[in-house]
Amino acid sequence: SDLTRWFIGRHHLSQIRESTAVTFRKVCKKHNIPADWWKYNENGVKIVFRNGSTISGLEMMHKPGDPDFDGFGSTEYTGGWIEEGGGVAYKAYEVAGTRIGRHLNDEYGIRGKLLITGNPSRNWMYSTFFKPFRDGSLSEGRAFIQAFVTDNEKREGGYLERLQKLTGAARARLLLGDWEYDADPLSLIEWGAIEDLFTNDYLRPDEKRKRLVVDIALHGSDKFRAGVFYGAVMVEHTEMPKSGGEQVLKHIRALQAKHNIRASAILYDADGVGGFIGKKGGFIPGANAFHGGGTPIKMKDGSEKSYFNLKAQCGYLLADKINEGKLWAKGVTEQTDREMLREELAQVKRDKGDGDGKLRLKPKDQIRADLGRSPDFSDILLMAMWFDLMEATQRTFNRPLQM
């Protein structure tokens, strides 16, 4: 007979086996649903009801070899549920949304819906659901329901009391349902300091230290971005969609002329770009190439030995600057731009894989998976730290640097 198909998605299938499936059994028992009405396949993580309808477990973990989640296949579902959305990649959520409402929905008069549950997280759930809900701009067809532990009248005894004993970030998220609190212990930048980044007007633009930083959208980025810094103040930022070399060059030249910036004070992300901008044969001789995966800049105190690469060295310095209120994003005035930068800076985190003692940053592909875009905006600020590191070694930018 005809049957409906549903899915339960989590970061890893083991989480469904160890948690969701256990809860399902409890619910069936509590509501007196006979055990012979359904069968659970442990290996396949699949529930088959006696009428033929199914609920399948769906692994939504980001995998480097499958960035577009083609592993979901062409399976069509009646509807689905993403549990603990804070641990699910944005692309997985996006692709899952294309698989629902496509199996017998019209025949049974069922609207294709995707339910997402989870604790507050600074990822796509925040930007896609909570923030628009807070601002009164939630898109049609979406709904946000704030729930608290006290709303669950059937909660386990003592659970509320245990949450009330929590402190700090864990208490804010799990007990108070605070979406504005970044609870990740791996985060390098304090949320309050990120908010202050746009109002640190006690800092003054230093016209003797003009810098231009560009992130060229040729290799995995979403947009071409540029930032103009007068010392610790970002006075202007620009963006445009991925463009050809001629348009990029014209844009860089225009900013250079507008702010009277020397070629030696221009920095560009060279990974995958080669000699397109600077270097021998490049279009702006004397511009500096930023190789994030390269060797950290040697410092007098030997601190560079602590970092895995140059990007990590710059990322940690950026975190220190923002946390100490030593950076002002004056030129970021639009709310949409500020929110984008907030989200990206919240992703500047220590990588778990630093067992060798070297400090590393959360990999860019993981950030891209969590945000649903490349963190090009925050990369501009991160790259700008290269100038600070070079100045700390008494390098100046009055003439082209020989790299």
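As the structure is a computational prediction, the values presented were derived from the model and not from experiment.

> What exactly am I supposed to notice about the layout of surface pockets here?
One simple way to see leftover space: roll a probe sized like a water molecule over the atoms. The computed volume of the second largest pocket comes to approximately 1000 Å³. In terms of lining, the second largest pocket is formed by 38 residues, of which the most central are G86, G87, D184, K352 and D370. The set of elements that each furnish at least two residues to the lining of the second largest pocket consists of α6 (168-174) and α11 (364-371). For the lining of the second largest pocket, the element with the most residues is α11, which contributes 4 residues. The class makeup of the residues in the lining of the second largest pocket is 14 nonpolar, 10 polar and 14 charged.

> Help me out: how do you make sense of the packing of helix α10 (residues 335-345) against helix α12 (residues 376-392) in this one?
Each pair of packed helices can be summarised by the angle the axes make with each other and by the distance between the axes. Contact pair α10 / α12: the axes reach a minimum separation of 8 Å and the direction vectors enclose 70°. Here α10 is positioned roughly perpendicular relative to α12, judged by the angle of their axes. By crossing handedness, the relation of α10 to α12 is classed as right-handed. On α12, the residues touching D337, M340, L341, E344 and L345 of α10 are D376, F377, S378 and L381. Here the residues of the contact of α10 with α12 sort into 5 nonpolar, 1 polar and 3 charged.

> Please clarify how the confidence of the model for the protein chain should be interpreted in this entry.
Should pLDDT be low for a region, the predicted coordinates there are not to be read in detail. Mean pLDDT over the protein chain: 88, with 90% of residues reaching 70 or higher. Below pLDDT 50 for its whole length, residues 398-403 participates in 15 contacts with residues either more than four positions away or in separate chains.

> Please explain the nonpolar core as it appears in this structure.
In a soluble, globular protein the nonpolar side chains are often hidden away together inside. Counting residues in each nonpolar core, the largest one holds 42 residues, and the members touching the most others are L345 and W386. Elements supplying a minimum of two residues to this core: α7 (191-196), α9 (310-323), α10 and α12. No other element matches the 11 residues that α12 contributes to this core. Listed in part, the 23 residues of the second largest apolar core include I82, Y93, W124 and F144.

> For this particular structure, what's the right way to read the environment of G293?
Here G293 shows up in the loop between β11 (288-290) and α9. In sequence terms G293 and F308 are 15 residues apart; their C-alpha atoms lie 8.4 Å from each other.

> Sorry if this is basic, but what is going on with the pairing of strand β4 (residues 54-59) here?
On any regular strand, side chains alternate: one points to one face of the sheet, the next to the other face. Counting buried positions along β4 gives 6 out of 6 residues, so the element sits mostly inside the fold. Alternating residues of β4 divide into T54, S56 and L58 and I55, G57 and E59, and every residue in both groups is buried. Pairing of strand β1 (residues 5-10) with β4, which is carried by 6 bridges, proceeds in the parallel orientation. The residue bridging R10 from the neighbouring strand is E59, located in β4. When strand β3 (residues 46-49) meets β4, the two strands line up antiparallel, connected through 3 bridges. Looking across to β4, one finds that V48 is bridged to T54.

> I keep staring at α12 and nothing clicks. Help me out?
In an α-helix, one turn spans 3.6 residues, which is why side chains three or four residues apart end up on the same side. Along its 17 residues, α12 runs 25 Å from first to last C-alpha, staying within 8% of the 24 Å computed at 1.5 Å per residue. Counting buried positions along α12 gives 15 out of 17 residues, so the element sits mostly inside the fold. Taken from the residues just after α12, Q394 is the one with a positive phi, measuring 65°.

> Please clarify how the sheet that holds strand β6 (residues 114-116) should be interpreted in this entry.
The strands making up a sheet associate through hydrogen bonds between their backbones, and the pairing can be parallel or antiparallel. The 6 strands are arranged β2-β3-β4-β1-β5-β6 in an open sheet whose pairing can be described as mixed. Across the chains shown, the open sheet's two edge strands, defined by having one partner strand only, are β2 (38-41) and β6. The sheet shows a mean angle of 15° between the axes of neighbouring strands, taken without regard to direction. Bridge count between β1 and strand β5 (residues 79-82): 4 bridges; the pairing is parallel.

Cut-offs and rules
Residues numbered from 1 in each chain as written. Predicted model: local features only at pLDDT ≥ 70, side-chain atom pairs only at ≥ 80, totals over all residues. Heavy atoms only, no water. 1 Å grid on protein atoms, 1.4 Å probe; cavity = no way out; pocket = protein on both sides within 12 Å on 5 of 7 lines; lining within 4 Å. Points joined across faces, edges and corners; volume = space filled by probe spheres on them. Helix = DSSP H or I, 4+ residues; strand = E, 2+ residues; numbered from the N terminus. Nonpolar A, V, L, I, M, F, W, Y, C, P; charged D, E, K, R; others polar. Axes fitted to C-alpha atoms, helices over the stretch in contact; angles between N-to-C directions. Parallel < 35°, antiparallel > 145°, perpendicular 65-115°, else oblique. Left-handed = near helix turned anticlockwise from the far one by under 90°. Contact = heavy atoms within 4.5 Å. pLDDT = per-residue confidence, 0-100. Core = buried A, V, L, I, M, F, W, Y, C linked by side-chain atoms within 4.5 Å. Buried < 20%, exposed > 50% of the residue type's maximum accessible area, 1.4 Å probe, protein only. Pairing = 2+ DSSP bridges. Expected span 1.5 Å × (residues − 1).

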